[in-house]
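Each chain is listed here by its residues.
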Amino acid sequence: MRTGFLALVCATFASGAMAEERSIIVLDGSGSMWGQIDGRPKLDIARDALGEVLAGIPADTSLGFMAYGHRNKGDCSDIELIVPPAPGSAPAISAAAAKMRFLGKTPLSEAVRRAAAEMRATEDKATVILITDGIETCAADPCAVATELESQGVDFTAHVVGFGLTKEEGRQVACLAENTGGKYIEAQDAGSLVEALKTTVATEAKTPQPTEPPKPKAMPENFAPRLLFTGGTPVPEDAGNSWELFAIGANGPATDSTAVFYGAPKVQVEPGRYLLVARLGQARSDMEIEIGATGLATPEMEISAAYVEIVPQAEPGGPAIEGAPSVLTAPTGDSATLYGAAGVWMPAGPIAVEVTVGTARVQTEITAAPGERLRREIVAAAGTVIVDGFLAPGNAGTGTLVVEIYARTPDGTRGDLLVYGYGPEQRYDLAPGPYLAVGRMQFAETEQPFEIVTGETRDIDLALNGGTAIATAEGADHIEVFALSETDEPTSLGYEYGARYEVTLSTGRYRMIAYRGDKQSAADIDITPGSTVEISLP
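Residues numbered from 1 in each chain as written. Predicted model: local features only at pLDDT ≥ 70, side-chain atom pairs only at ≥ 80, totals over all residues. Heavy atoms only, no water.

K.L.:
Got a minute to help me understand the overall build of the protein in this structure?
P.N.:
The helix and strand tally for the protein stands at seven helices and 36 strands. Among the 538 residues that make up the protein, the fraction classed as buried is 46%. Within the protein, residue pairs in contact and separated by at least 24 positions form 63% of the contacts whose partners lie at least 6 positions apart. With the model as given, the accessible surface of the protein reaches about 25,200 Å², and the carbon-plus-sulfur share is 49%. (Helix = DSSP H or I, 4+ residues; strand = E, 2+ residues; numbered from the N terminus. Buried < 20%, exposed > 50% of the residue type's maximum accessible area, 1.4 Å probe, protein only. Contact = heavy atoms within 4.5 Å. Areas by Shrake-Rupley, 256 points an atom, 1.4 Å probe, with all protein chains shown as cover.)

Shown next, in the form of structure tokens:
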């Protein structure tokens, strides 16, 4: 996975960003980067990939580095230009990425906007490379931001690397690249990355860009469509609607659109017969039109759309739950997923709504008339638990804390695994009921039962009652650790290749064995809460 991701970042730079005058890398510093791929946190893969790429670029490359979600939890303004664009900045960027914390939200739209603003001071071509493993969580529209930047006349391009995103999540951020002339590429596994590199980025990097032909003399506008709600009320120009023209030939409308416009355009297009498609959020309307070489075509089209805003809550009258997904589905099958308090234009009529707050879920239906704006507070009853863990009081440990939340069965044992995460202070919204919180740091583990009540927040500190063992053995092939018991045979827990093994263990007695070919050396150790035991195996 790391090799494929590295190739993708290299190829993205080679496709144009690195050759430009000024570029900024924007790295996702949100808490979801603690998630693992093939046993490694995504943040480690991203750091390694960036470090290796930056080590091989020309020294005069003008690069900057921006991050978001890396300083504060729950802060949509947590965006920082860490390294301003400048030649020879690659070592500073590598060092900054290595020191980043990953714990906040995902304000990727505003981050791209700020990156573009940083490079707007000159007329040089500007490029942003966004590396994200999540979608927008700060009530912004990536598509609208991309369109806004492109419309400002700045020579600006954004490339987006979707790191571990689903297809649906990818579609929500791909428009940042597509609307600015850049590329969106998925990073899921090594195979798909290599194929993406062959079919898109590598091909573009090797293909000389043609010289832009002289622009023809401007012709008078001949197309000015007007959009109305069903019943005749005009759609506001800032509603976010779009228009697409599909040329109609002998075999019907073309598959790809000829042109795309927004709001209330008045433009010049190639004369001909078209299928005109109007979109407003998830609502759509279409009609066939004829556009002539002279005169102004002013087709009016009605669209059956209503604006629906959903406010997910964990309790009646409570605050909106940031990041909680709401899925809206119209009878047409058109659907949209919102996060937190957010709204979208939907086909008017009955709309199915499913709101999820953590493990709590509720389904309902609302009805909206054409042109109507509705705001609905929907409660998916839930409480909150914040889980942290430590080896012993005053000793947080050096390993990665793994937190798992299980449903608790009537006899007090673990039921289904509901959610999990990595790192300190994991926050989960849960439906009311009994649960078990399990904390693990390598081989030190503990669990604690707890109850969730609607609207309440609980803090749980899991005492893992463990310590750290550090074994060194000069010239060893590998070192292995065994749990010792007074009644049973030693049980192998794990091993590490090389001459050093640092491992976190529960309180108890253990044996460390170093292997050098067919020779072994061993030592027994005792682990107490919060202890660090260092041994040298001869």
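Text resumes after the structure shown.
K.L.:
It is not clear to me how the confidence of the model for the protein should be interpreted in this structure. Could you clarify?
P.N.:
Mean pLDDT for the protein: 86, with 89% of residues reaching 70 or above. Element-level pLDDT for the protein is lowest in helix 7 (residues 190-206), with a mean of 38, against a maximum mean of 97 in strand 31 (residues 478-483). Throughout residues 15-20 the model reports pLDDT below 50, and contacts reaching past four residues in sequence, or to other chains, amount to 15 contacts. Between residues 190-208, whose pLDDT stays under 50, and residues either more than four places distant or in other chains, the model counts 27 contacts. (pLDDT = per-residue confidence, 0-100.)

K.L.:
Honestly, helix 2 (residues 42-55) in this entry has me stumped. Any pointers?
P.N.:
Here helix 2 spans 20 Å end to end across 14 residues, near enough to the 20 Å set by a 1.5 Å rise per residue. Within helix 2 the residues assigned to the buried category are Lys42, Leu43, Ile45, Ala46, Ala49, Leu50, Val53 and Leu54. Buried positions in helix 2, seen along its axis, are confined to an arc of 160° and lie on one side of it. (Expected span 1.5 Å × (residues − 1). Arc of directions from axis to C-beta.)

K.L.:
Teacher, can you tell me more about the pattern of salt bridges here?
P.N.:
Throughout the structure, instances matching the rule amount to 24 salt bridges. The shortest N-O distance in the salt bridge between Glu322 and Lys105 comes to 3.0 Å. Taken together, the positions of Glu322 in the loop between strand 16 (305-313) and strand 17 (325-329) and Lys105 in the loop between helix 3 (90-99) and helix 4 (108-118) put the pair 217 residues apart, joining distant regions of the chain. Judged by its relative accessible area of 52%, Glu322 falls in the exposed class. (Salt bridge = Lys/Arg side-chain N within 4 Å of Asp/Glu carboxyl O.)

K.L.:
Help me out: how do you make sense of the state of the cysteines in this one?
P.N.:
If you walk through the whole model with that rule in mind, you get two disulfides. For Cys143, the disulfide goes to Cys175, at an S-S distance of 2.1 Å. Between Cys143 and Cys175, the S-S torsion sits near -90°, and that sign places the bridge as left-handed. One end of the pair, Cys143, is in helix 5 (residues 142-151); the other, Cys175, is in helix 6 (residues 167-178), with 32 residues separating them in the sequence. Judged by relative accessible area, Cys143 falls into the partly exposed class, the value being 28%. The disulfide pattern of the protein is 1-2, 3-4 when the bonded cysteines are numbered in sequence order. (Disulfide = S-S within 2.5 Å.)

K.L.:
What is the right way to look at the sheet that holds strand 25 (residues 414-422) in this model?
P.N.:
Strands in a sheet are paired, the pairing made by backbone hydrogen bonds, and the direction either parallel or antiparallel. Strand order in the open sheet made by the four strands is 25-24-27-28, with antiparallel pairing throughout. Here the strands that pair on one side only, and so sit at the sheet edges, are strand 25 and strand 28 (444-452). On average, each strand axis in the sheet is tilted by 25° relative to the strand beside it, whichever way the strands run. Inspection of the sheet shows strand 24 (residues 402-408) paired to strand 25 by six bridges, in the antiparallel sense. Its bridge partner lying in strand 25, Tyr406 is registered against Leu417. (Pairing = 2+ DSSP bridges. Axes fitted to C-alpha atoms, helices over the stretch in contact; angles between N-to-C directions.)

K.L.:
How should the packing of helix 4 against helix 5 be read in this particular structure?
P.N.:
The packing of two helices is summarised by the inter-axis angle and the distance between the axes. It is at 9 Å that the axes of helix 4 and helix 5 come closest, and there the two elements cross at 15°. On the basis of the axis angle, helix 4 is roughly parallel to helix 5. In the packing of helix 4 onto helix 5, the handedness of the crossing is right-handed. On helix 5, the residues that touch Leu108, Ser109, Val112, Arg113 and Ala116 of helix 4 are Pro142, Val145, Glu148 and Leu149. (Parallel < 35°, antiparallel > 145°, perpendicular 65-115°, else oblique. Left-handed = near helix turned anticlockwise from the far one by under 90°.)

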